Amino acid sequence: MLRLPPFQLHNPTNLDDAAKMLADHGGKARLLAGGTDLLPNMKRRHQSAAALIGLRRVEGLRGIRDSGSGETAIGAMTTLTDIVRSELIHAKYPMLWRAVASISSPVLQSTGTIGGNLCLDTRCTYYNQNEEWRESISFCMKEEGQTCWVAPSSPRCWAISASDSAPVLSAIEAKVKLVSAGDGERIIAVRDLFNDDGIDYLKKRPDEVLTEVILPDPSAFKASHWKLRRRGSIDYSVLTVGAAAWFDGDKVQKLNIHLGAVNSYPAVPEKTCEFLIGKILDEETIAEAAGMSRQGSTPMDNTDFLARWRGQMVERYVSAALREIAGLDPGVKKPRHAM
Amino acid sequence: MSNRDIHRAGVDAPSKTDKQSGVPGKTREDQPFNLIGKPFRRVDGRAKVTGQTRFADDLTFPRMVHMRIRRSTVPHALIKSIDTSKAAGMPGVLGFVTGEEMPNTFGILPVSHDEHALCMDKVRFVGDPVVAVAALTEDQAYAACAAIEVEYEVLETIASVDEAVAVPEPRIHDYGDEGNLHKKVSMEFGDLDGGFEDADVIMEDTCYFEGNTHLPMEQHATVAVPEDDGRITVCSSTQTPHYLHRSLSKVLELPASRVRVIATPNGGGFGGKSDPFNHEIVAAKMALKLGRPVKIALTREEVFYCHRGRHPVHMHMRTGFKKDGSMTAQHLQTALDGGSYGSYGVASTYYTGALQTVTYKLPRYRFDSIRAFTNKPPCGPKRGHGTPQPRFGLEVHLDKAAHQLGIDPADIRLQNLVEPGTVTANYLKVGSIGLGKCIEAVVEGSGWRERYGKLPEGRGLGLACGSYLCGAGLPIYWNHMPQSGVQLQLDRSGCVAVFCGETEIGQGSDSVLAAVVAEILGIDLQDIRLCVGDTDLTPVDLGSYSSRVTLMVGNAARQAAERARDLIAKHVAEKLEIPARQIHFADRRVFDLENPDNGMTFAEAVVVAESKDGTLGTTGSYIPPRSPGRYRGSGVGPSPAYSYTAVVVEVEVDPTTGIYDVVHVWCAHDVGKCINPALVMGQIEGSIYMGLGEAMMEEQVFRRLPKKRSPALVHRHPSLLEYKSPTFNDMPPVTSYIIEDPDPNGPFGAKEVGQGPLLPVMPAVANAIFDAVGARVDQIPIAPHMVRAALDAKEKGKEPRFGPKPGFPDVDFGAPLKVLTPDEGGDGKAENQDEAKVRKGTGTMTERKDALKDGAWKESQRENKKGGN
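Residues numbered from 1 in each chain as written. Chains lettered and ligands numbered in written order. Predicted model: local features only at pLDDT ≥ 70, side-chain atom pairs only at ≥ 80, totals over all residues.

Trainee: Just give me the short version of the overall build of chain A, but keep the residues and values in it.
Mentor: Within chain A one finds twelve helices and eleven strands. Relative to its length of 339 residues, chain A is compact, with a C-alpha radius of gyration of 20 Å against a globular reference of 20 Å. Residues counted as buried form 51% of the 339 residues belonging to chain A. (Helix = DSSP H or I, 4+ residues; strand = E, 2+ residues; numbered from the N terminus. Rg over C-alpha atoms; globule rule 2.2 N^0.38 Å. Buried ≥ 20, exposed ≤ 12 C-beta atoms within 10 Å, placed from the backbone.)

As C-alpha cells, then:
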C-alpha cells in the first residue's frame, strides 16, 4: 500500500473561516474538495501540503440552484453524483450532464465535486507516478526536476488539462465565483480560469476559494460534449470536445469550441470557430471546419494512446460535436459511457 | 439482456450419467455420480465472500514488524556503495539486510539460478531489489527506505530483442548461449524442404505479441515468523510453496526440515506467483536476523516489477498448404524478450514452439527461437505460458490461408484436425480431442454459416482455436517422485481430512480436491476437512501452474480415496457378510447395492474399519505417463492430456476512428469431464475476460529517455489506472459451451480449463476485425490507431495491414536438431544429437540430470545434510 504522508486537516464550517485559513497558511495549504485526485497524488508524493482545508462542512457550498433569471448556480462542493442525479441539469444542460456522468466511476463521482474537477491538477505520464519511479527519471519539471521529458528541449511543462467539465463549461460561457479573505469575491469566465502552462495551470490565486459555478440561460445556445478514452469508465479523458453555438436564424452567430486533454488548458481551435461564423451548419461546412481544428491542439506522448492518432481524432470528434449541434448523425462510434 | 449463457454437450455418451437421469445398474462402476458434474458451491466460497479468508496481508503476529525494499532506480549498473547510516537513525528502524548476507543464487529452473535475494554487485532493471529495511510500522519502513543512499556506476542498457542481438557486450548476465541471448533453440522434425515442395501455396507472416502482466487483485505479501526452535515459517501468497521451500533452504542455508512454507490463499495468481520471489526470501532472512515476525506487502508498482508475465514475442511463420487447406510443413521462428532474469524463460522459449502441432495435422515442422536478456522486469509464465503468442500467429495465419484458398475458416480447421491418440511430428501424445465439437458449437451458436463474411461493413466475426496442457509431463527439477501426493485421514466422526500440497489461487483447486474425495467415499463436501499448501503437513504437490492441478491432484486424490474406500468396504462387507464389490458409497452411507437398506452410515462404517484395522489413513500419488519424445527439448510440451477450445468473436468497428468493441463471444471448451460446471464456466469467462484485455489493450511497455540526457529505462505505467485492462463495464456477453470428451488420463476423464480458453480469444478478435473492415492487424494488443492505420493503407491502395516489418532478427541458429517424425519411422531421438551443439536447457531429462550434476541444488542438498546433523 502507498500511505498518505502526515498533514494537518482543518474542517471549517463557514466560508470566511476557510478563506482566512487559506490566507494564513500562505500557500502551504491546499483545499480538499473531494480529494479523489489530490489524495492519491499525495500518496505518490507528487503533490504535497502541510495542511489540507476540507470544504465539505462549509455551509452553502453544496447544491444546485435555479436563479430564476435563466441562470443556474452550482455550489463548488456539489458532488458529481448530485449533478448526475439532478433532473434540472439533465433537462437544461444535457451536455454538462454528459460530461459529468463520464467522469471516473460512479463510486468516485459520489466523492468528487464540480469545484474539484474544475481545479483538477494537470496530468502527465512522467508525473503521475510514485516517488521511486520519478527518481528513476531524475524527476521532471513539474515536480522537483529540471526537464520536461515530454519535450526535453522545451522551456515549459506540457502536462495536460484533465478536467472533463472545463471544456464544456468554457464553451457555454459559464462563470465561476472566487472568494478570498483579502479581496472578497470576483466572478470570471471559466475559460479565463486556466493558463496555458502545465505547472501554473490555474488563474485562481492560491488564497482564493472557488465557491460557485454559474451556468448561463440554456435557451440561447446549443451545445455538445464528446470525450475519448480507452475504457467506458474510470479513465481520464485523452480528448474532450466541448462546443456551443449561438444562432441567428439558421446561421451561426457565435461558436465556442474548447478541447480538453490535448493541451495544458482547454484549448481553442480558433480557425474552426471563426470559419463557422455566419455559416449554416451543413455536412460540407462542418467537414471543412473540422479539418481546421488540429490547430490549437498539441497532443503529445504523455497520456494514453498514440499521440498522432489522438491528433487525428481531434478532427473526428470536433466534427461529431458540430454535427450533433446541427442535428446530424455524429458520424463516429458513441463512447461506452452514458450519452 | 443476460450477459451469460451456458450450454453443455458430451462428445461420446459418458459411461456414468448424472444421477437424476441415470438408471442405476448393479455394479459400483455403473452407479451415477454423487457430485461430479453438478454445480456445487465452492468449498472456500463462503469465507471469500464474507471476508473471512485470511490472505497473507491479513496475517498479524505478536511483535510483528514491517519491511520495505529499496529498489534500483537505474536500469543497468554496478552498485558502488550502499549507505544506510541516515536511515539507521530514523524512528522505529530495527535493521537492514543487504545482498552480501545471502550470496547463494536461486531461480525457478535449475538451469537459471541467476537471481540473488538482494542484488550483490549489479542491478539489472529499475525495480531490482538492493537493500531491505525493517521498522516498527510500515510508514517508518517506507521513510527509512527512502533515506537509504545507493551509488551506481551506470552501464549500457538493452531495451529490446533487436538490441540484445546487436549488442553482445556488456552482458546482462555472464551465462547464457551467447552475448545477451539467454537461449537459442533450433529443431527440425521431418523433411521440411520436402514438405514445402509438396505445397501448392506457401504463406509467410510476421506477427508481434506485446508483453503483458497478470494483474492479480491481491498484491504479493509475505509474513515470515521465526519459531522458538530455530525454525522459520514463511506464509506467502505463492502458487508454488514446494519450490519456494527449496529456494528458501538454499539461499538461507538452512536444512529444508527447518523451513516451513504455508501458501496462503492467493487473491489471483495467473502465473505471477509461480516463481520463488526475492521479497519472500528477504523477509525470512530479516525475521531470522531480528528474531521477530516480519511482514512485507508489495505495492502495485512492485507487483509490476515482479512481473514474470507474458514475454513480448516477435514471430515469423512460413507454412506450406495444399489447395484443400491441409498443411504440408511449417517453419516457425520466435524471438522472446525475456527481461532481466531467467525465471521460467527457457521453458517459455520451448513453449512458443511446442504446441503448434496438437490442433491441426502438421506433418513436418521446424522451430527456431531465441530468448534475449533485456534491462526490464523478468518475463515468465502467464496463463497460457509461451503458447498464446504463437497461437495468435498460427490462427491469424490460418485465417489468411483460408481466404487465399477460398475455404471457410471454420472448415479449414475442421478438415485438418489432429486425430485422437496421435503422436505428433514433435512427439506429443494427444489423447482425447473434442475440438471438432467445439468448433461446431461456436459455429452454430454464432450463426457463422449465415453471417460470416456477410455482415454489414463494420461488423465482423472471427474464429480461432487453441489447445493447452493438463500439466507439464515433467517436474521442474529432475526426479522420479510423484508430481502430486494426497493423504487421507479418516476419523471415527465420519470426517475425512485431506492433506495435499496444492495451492488455491482462486481457480477452485480446493473444491476439486474435496469433490473427488467426497465422490468416491459417497460423503458430502461438509464432511471433508482440507489441509493444503503447507510443507510441514502436506505431501508435496508441485504447485498451481501449467494447469496441472485438476488432473494430477485429482488423480492422486482419487487413488487415495479409492484405497480408503476399498479398506472400508472390506471390513463392512465382512460385517454384512456380502462380497466387497457389492458395497457402495453414496448419500453418506455404505451399503449393499443389491439391498440398499442393508448398510450403515459412513461414520459407522469408519468405526467398523477402525475397530478392525486401527487408525485409518491412505495415500495417493500421481506421476504422468512417459512421453515418446527422446530428443533434447522434448521435455517441454508433453502432457497427460490436452484441452481444446474454439472461440467466435463478434466485433463492431468504427472505420472512421478505428475504435472497435467486442459485442459477443462464443466459447466452447473441451474439458474432458466437468467436475463442477460452475467452476468451469468461471474459468471460461475469466479466460475470455483476460484474453480480451490482451487482445484490446493490455501492454507491459517501457520508456527510454533520450540517452544523452538520462540512462532511464522505466515501466511506462506501473499503475492499475494507466495499465489498461478491461473493467466490468467493458465485458461483452459470453455464451459458453462445455464440451465433454473424456480423456483416459484425467480423473473421471477431466482435463484443464484454467488456461486453454484464453488462447483463441486474441486471434479471434484480429480475425473478426478483418471480417468487419477488411484490414489486418498482425499485432497484439490491437489499438484503434492500428486499425485506422491499416485502413489508411487500404485507402491508399497498399496492403491493408498493420504489423511488424516482415522478417526475423539476423541470428545464426547453426544446424538444427534433426528428428525424424513418427510417420517417417522416427523413434523420438534426434539424428544428430551430438553434432547439433544444442545448448543446455531445461528441456529434456538428460539436460536436467546434467544441470543437477553441476548444479547448485545438489550443493544445497549437501548443505542440508550437514545442517541436519
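Alright, that's what it looks like, and here's the rest.
Trainee: Tell me about the overall build of chain B, residues and numbers included.
Mentor: Scanning chain B for helices and strands turns up 21 helices and 33 strands. Since a compact globule built from 869 residues should have a radius of gyration of about 29 Å, the 27 Å found for chain B is in line with a globular shape. The C-alpha extent of chain B, read off along each of the three principal axes, is 85 × 75 × 60 Å. Burial statistics for chain B: of 869 residues in total, 61% are counted as buried. By sequence separation, contacts in chain B at least 24 residues apart represent 80% of the contacts at least 6 residues apart. (Contact = placed C-beta atoms within 7 Å.)

Trainee: Before we move on, could you go through the environment of Met120(B) and cite the residues and values that matter?
Mentor: Residues and elements named next belong to chain B. Along the chain, Met120 falls in the loop between β4 (93-98) and β5 (122-123). Here Met120 falls in the partly exposed class, since 15 other C-beta atoms lie within 10 Å of it. Sequence-wise, Met120 and Glu699 are 579 residues apart; in three dimensions their C-alpha atoms are separated by 31 Å. What Met120 contacts, discounting residues up to four positions off in sequence, is Gly99, Glu100 and Pro103.

Trainee: Summarise the sheet that holds strand β7 (residues 149-154) of chain B; cite the residues concerned and give the values.
Mentor: Residues and elements named next belong to chain B. Spatially, β5-β3-β7 is the arrangement adopted by the three strands of the open sheet, whose pairing is antiparallel. Edge strands, defined here as strands with exactly one partner in the open sheet, are β5 and β7. The sheet contact formed by strand β3 (residues 77-83) and β7 spans six bridges and is antiparallel. Across the sheet, the residue bridging to Ser81 is Glu151, located in β7. (Pairing = 2+ DSSP bridges.)

Trainee: An account of the interface of chain A and chain B is needed here, citing residue identities and associated values.
Mentor: With 29 residues of chain A at the contact, the number on the chain B side is 33 residues. Elements that contribute at least two residues to the side of chain A that touches chain B include exactly α8 (131-136) and α12 (307-325) of chain A. Within the side of chain A that touches chain B, the residues separate by chemical class into twelve nonpolar, eight polar and nine charged. (Nonpolar A, V, L, I, M, F, W, Y, C, P; charged D, E, K, R; others polar.)

Trainee: So, unusual backbone geometry: which residues are in play, and what are the values?
Mentor: Excluding glycine, most residues fall at negative phi; most peptide bonds, likewise, are trans. Residue and element names in this part refer to chain B. Between Glu169 and Pro170 the backbone carries a cis peptide bond, its omega angle lying at -5 degrees. Geometrically, the link from Ile780 to Pro781 is a cis peptide bond, its omega value of 0 degrees lying close to zero. Inspection of the secondary structure assignment puts Pro781 in the loop between β31 (779-780) and α19 (784-795). One non-glycine residue, Leu215, adopts positive backbone phi at about 55 degrees.

Trainee: A description of helix α5 (residues 94-101) of chain A should follow, citing residues and the corresponding values.
Mentor: Residues and elements named next belong to chain A. In terms of residue burial, α5 counts as a mostly covered element, since seven of its eight residues are buried. All of the buried residues along α5 are Met95, Leu96, Trp97, Arg98, Ala99, Val100 and Ala101. Buried residues along α5 sit in contact with α3 (80-84), α4 (87-92), α9 (165-171) and β9 (222-228).

Trainee: Describe the sheet that holds strand β18 (residues 484-490) of chain B, and please don't skip the residues or the numbers.
Mentor: Residue and element names in this part refer to chain B. Strand order in the open sheet made by the four strands is β20-β19-β18-β24, with mixed pairing throughout. For this open sheet the edge positions go to β20 (528-532) and β24 (616-622), each flanked by a neighbour on one side alone. The sheet shows a mean angle of 20 degrees between the axes of neighbouring strands, taken without regard to direction. Of the strand pairs in this sheet, strand β19 (residues 496-500) and β20 are connected by five bridges, and their pairing is parallel. Within the sheet, the bridge partner assigned to Phe499 lies in β20 and is Cys531. Its contacts with the sheet place helix α14 (residues 509-521) against β18, β19 and β20, and it is angled at close to 140 degrees to β20. Running at roughly 145 degrees to β24, helix α15 (residues 549-576) makes contact with β18, β19 and β24 of the sheet. (Axes fitted to C-alpha atoms, helices over the stretch in contact; angles between N-to-C directions.)

Trainee: I'd like a rundown of the environment of Glu138(B), residues and numbers included.
Mentor: Residue position: Glu138(B) is located in helix α3 (residues 138-147). In this structure Glu138(B) comes out as partly exposed when scored by C-beta crowding, with 18 C-beta atoms within 10 Å. When sequence neighbours within four positions are dropped, the list of residues in contact with Glu138(B) reads Arg3(A) and His66(B).

Trainee: Would you mind going over the pairing of strand β10 (residues 239-248) of chain A in detail, with residue names and values included?
Mentor: Residues and elements named next belong to chain A. When you tally the buried positions in β10, you get seven out of ten residues, the bulk of the element. Alignment of β9 against β10, held across seven bridges, turns out to be antiparallel. Of the residues in β10, the one forming a bridge with Lys227 is Thr240. As paired strands, β10 and strand β11 (residues 251-260) are joined by nine bridges and run antiparallel to one another. Paired with Ala245 across the two strands is Leu255, which belongs to β11. The hairpin formed by β10 and β11 contains two residues between the paired strands, and Gly249 there has a positive phi angle of roughly 65 degrees.

Trainee: I'd love a proper account of the packing of α14(B) against α15(B), names of residues and values included.
Mentor: All names here are of chain B. Contact pair α14 / α15: the axes reach a minimum separation of 9 Å and the direction vectors enclose 30 degrees. Our classification of the angle between α14 and α15 gives roughly parallel. α14 and α15 meet at a crossing whose hand is right-handed. Each of Ser509, Val512, Leu513, Val516, Val517, Ile520 and Leu521 in α14 lies in contact with α15, whose residues at this interface are Val549, Thr550, Val553, Gly554, Ala557, Arg558, Ala561, Glu562, Ala564 and Arg565. (Parallel < 35°, antiparallel > 145°, perpendicular 65-115°, else oblique. Left-handed = near helix turned anticlockwise from the far one by under 90°.)

Trainee: Break down the nonpolar core for me, citing the residues and quoting the values.
Mentor: Within the largest apolar cluster, 346 residues are counted, with the highest numbers of intra-cluster contacts made by Val133(B), Val442(B), Val517(B), Val765(B) and Ile769(B). Beyond its immediate sequence surroundings of up to four residues, Val765(B) is in contact with Gly462(B), Val649(B), Val651(B), Val662(B), Ala695(B), Met696(B) and Ile782(B). (Core = buried A, V, L, I, M, F, W, Y, C linked by C-beta atoms within 7 Å.)

Trainee: Residue-level account of the pairing of β20(B), with values.
Mentor: Burial along β20(B) is one-sided: Ile528(B), Leu530(B) and Val532(B) are buried, and none of Arg529(B) and Cys531(B), which face the opposite way, are. Traced from β19(B) through α14(B) to β20(B), the parallel crossover comes out right-handed. (Right-handed = clockwise from strand over helix to strand, strands pointing away.)

Trainee: Provide a residue-level description of the confidence of the model for chain B, including the pertinent values.
Mentor: All names here are of chain B. Overall, the predicted model of chain B reaches an average pLDDT of 93, with 94% of residues at or above 70. Low pLDDT (under 50) marks residues 836-869, which in the prediction has 68 contacts with non-local residues, meaning those over four places away or in another chain. Among the scores for the predicted complex, ipTM is 0.96 and pTM is 0.95. (pLDDT = per-residue confidence, 0-100.)

Trainee: Quick one: what's the story with the packing of helix α10 (residues 388-405) of chain B against helix α18 (residues 761-773) of chain B, residue by residue and with numbers?
Mentor: All names here are of chain B. For the pair α10 and α18, the least separation of the axes is 8 Å and the interaxial angle reads 30 degrees. By the criterion of interaxial angle, the relationship of α10 to α18 is roughly parallel. Seen from above, α10 lies across α18 with right-handed handedness. Here α10 contributes Pro388, Arg391, Phe392, Glu395, Val396 and Asp399 to the contact with α18, which in turn contributes Met762, Pro763, Ala766, Asn767 and Phe770.

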